[in-house]
Amino acid sequence: AELDRIKLALDAANTARIHKEKELAGMHSQIATMEAQLRQQHSDHMMVKSKMEGQMALLDKEVAHHKASILQLQNTIEKLQQENNMTRQEAQRLRDVIWGL
């Protein structure tokens with residue numbers, strides 16, 4: 001009878017141990033799945049980050065190009081204004097010559 005009780009207690013302890021081992025294996029599996037998901041999310045994030053940095057670099061180039069174009073246009077406007085002033089002065093000089101005749 002004592003032996004049967006010990007045997008029953010051992011069986012119960014063994015069943016509990018097997019149950020705990022299964023729980024532990026399930027937790028290890030969950031951890032592995034979560035780690036894989038985290039690695040994938042990190043990889044996705046790095047890809048998006050890289051793409052965004054590439055787009056930013058392109059935008060920076062475009063901005064630099066537009067700034068150069070604006071400077072060129074400003075220089076052209078300045079030259080045209082100078083030419084316009086010189087033409088206006090020349091026209092005035094010619095008018096003065098004509099009126100002086």
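Whatever comes next refers back to the structure up there.
Because the structure is predicted, anything quoted here is derived from the model rather than measured.

## Focus on the overall build of the protein chain
Logical step 1: Counting its regular elements, the protein chain contains one helix and zero strands.
Logical step 2: The C-alpha radius of gyration computed for the protein chain amounts to 43 Å, which surpasses the reference 13 Å derived for 101 residues by more than 25%, pointing to a less compact arrangement than a globule.
Logical step 3: Its C-alpha atoms give the protein chain principal-axis dimensions of about 150 × 15 × 10 Å.
Logical step 4: Scored against the burial criterion, the 101 residues of the protein chain give a buried share of 0%.
Logical step 5: Total accessible area computed for the protein chain in this model is approximately 9700 Å², and 63% of it derives from carbon and sulfur atoms.
Logical step 6: Of note, the protein chain has its 14 positive side-chain charges centred 2 Å away from the centre of its 14 negative side-chain charges.

## Notes on the environment of Glu78
Logical step 1: Along the chain, Glu78 turns up in helix α1 (residues 2–100).
Logical step 2: Here the alpha-carbon distance between Glu78 and Gly100, two residues 22 residues apart in the chain, equals 33 Å.

## What about the pattern of salt bridges?
Logical step 1: One pass over the full model with this rule turns up three salt bridges.
Logical step 2: Of the charged contacts in the structure, one is a salt bridge between Arg17 and Glu21, with a shortest N-O distance of 2.8 Å. Linking Arg17 with Glu21, this pair stays in helix α1, spanning four residues, or about one helical turn.
Logical step 3: For the salt bridge of Arg93 with Glu90, the shortest nitrogen-to-oxygen distance reads 2.7 Å. Residue Arg93 and its partner Glu90 are both found in helix α1; the two are separated by three residues, about one turn of the helix.
Logical step 4: Assessed through its relative accessible area of 43%, Arg93 is described here as partly exposed.
Logical step 5: Glu90 sits in the partly exposed class, given a relative accessible area of 35%.

## Notes on the environment of Gln82
Logical step 1: Among the structural elements, Gln82 can be located in helix α1.
Logical step 2: Between the alpha carbons of Gln82 and Gln92 there is a distance of 15 Å; along the sequence they are 10 residues apart.

Calculation criteria
Residues numbered from 1 in each chain as written. Predicted model: local features only at pLDDT ≥ 70, side-chain atom pairs only at ≥ 80, totals over all residues. Heavy atoms only, no water. Helix = DSSP H or I, 4+ residues; strand = E, 2+ residues; numbered from the N terminus. Rg over C-alpha atoms; globule rule 2.2 N^0.38 Å. Buried < 20%, exposed > 50% of the residue type's maximum accessible area, 1.4 Å probe, protein only. Areas by Shrake-Rupley, 256 points an atom, 1.4 Å probe, with all protein chains shown as cover. Lys, Arg positive; Asp, Glu negative; His and termini not counted. Charge placed at Lys NZ, Arg CZ, Asp CG, Glu CD. Salt bridge = Lys/Arg side-chain N within 4 Å of Asp/Glu carboxyl O.

Geometric descriptors of this kind do not, in isolation, establish any biological role.
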